[in-house]
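Results of the structural survey
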Amino acid sequence: MPNEDSIKKKIEEQTKIIKGGIGGKTKTVSQTPTVTVGAYSALDAIGGLLTFADIFNAQGGTGVLHTLIITDLAKQSAAMELWLFDRTFTADTDNAVFDVEDTDLPNCIGVIPIATADWFASNDSSVACVRNIGLVATAMNGATLYGQLKAVGTPTYASVSDLTIKLVALQD
């Protein structure tokens, strides 16, 4: 039969595992890209470089990307993709053809698709919510991830600040 000390030790070990596991802490980072007032074509870059600063706990931090929320003040509710990188990269110019540099492509950690079905509309604005992404990521330069939006649909924005992107991570 185990003694009291061995039981306490087991409890402490299990508590450390639970506290140190993925999802012990969450972090939400918000970015508002400067977008073109006007129309985009499919395959255009939407805005410039997005910097999700300190999305993870520490240098070389890791975690799981859980949720992506995009607010659209112009109610375009357009299909798009968020391309993510583990270090900074050469972002394409807003409203130009999206074409990742060959030297940057190996640093792409994943793409989050935002379908038209992910959007929920109010009278004059909309919100996209992509849940349970499950993308395991490591930030190679600090605790920061980088990204850029790519148009799949053909939105037309009314203001340079029509979009806000929120990325939610479960930190290790």
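Structure: above.
Summarised in this report is the structure supplied together with it. (Residues numbered from 1 in each chain as written. Predicted model: local features only at pLDDT ≥ 70, side-chain atom pairs only at ≥ 80, totals over all residues. Heavy atoms only, no water.)

What to know about the sheet that holds strand S6 (residues 108-114)
The antiparallel open sheet is built from four strands, whose spatial order is S3-S10-S5-S6. At either margin of the open sheet sits one strand with a lone partner, and together these are strand S3 (45-52) and S6. Averaged over all pairs of adjacent strands, the angle between strand axes in this sheet comes to 20°, irrespective of strand direction. Pairing of S3 with strand S10 (residues 145-151), which is carried by five bridges, proceeds in the antiparallel orientation. When the bridges of S10 are listed, Ala45 appears paired with Lys150. (Pairing = 2+ DSSP bridges. Helix = DSSP H or I, 4+ residues; strand = E, 2+ residues; numbered from the N terminus. Axes fitted to C-alpha atoms, helices over the stretch in contact; angles between N-to-C directions.)

Examining the nonpolar core
Here is a general trend for soluble globular proteins: nonpolar side chains tend to be buried in one another's company. Membership of the largest hydrophobic core comes to 33 residues, with the highest contact counts inside it found for Phe52, Ile70 and Leu82. Examining the composition of this core, we find that four residues originate from one element, strand S12 (residues 163-171), more than from any other. Discounting residues that sit within four places of it in the chain, Ile70 has contacts with Met80, Ile114, Trp119, Ser126, Val127, Ala128, Leu149, Leu163, Thr164 and Ile165. Membership of the second largest hydrophobic core comes to seven residues, among which are Phe85, Phe98, Val100 and Tyr146. (Core = buried A, V, L, I, M, F, W, Y, C linked by side-chain atoms within 4.5 Å. Buried < 20%, exposed > 50% of the residue type's maximum accessible area, 1.4 Å probe, protein only. Contact = heavy atoms within 4.5 Å.)

Points about the side chain of Ser126
Positionally, Ser126 belongs in strand S8 (residues 126-130). If sequence neighbours within four positions are ignored, Ser126 has contacts with Ile70, Thr71, Asp72, Lys75, Gln76, Ser77, Trp119, Phe120 and Ala121.

Thoughts on the side chain of Thr67
As for its placement among the helices and strands, Thr67 is situated in strand S4 (residues 62-72). Beyond its immediate stretch of four places on either side in the chain, Thr67 contacts Cys129, Val130, Arg131, Ile133, Lys166, Leu167 and Val168.

Points about the pairing of S12
In terms of burial, S12 is a largely internal element, seven of the nine residues being buried. When strand S1 (residues 25-31) meets S12, the two strands line up antiparallel, connected through seven bridges. Across the sheet, the residue bridging to Lys25 is Gln171, located in S12. The sheet contact formed by S4 and S12 spans nine bridges and is antiparallel. The residue of S12 that forms the bridge with Ile69 is Lys166.

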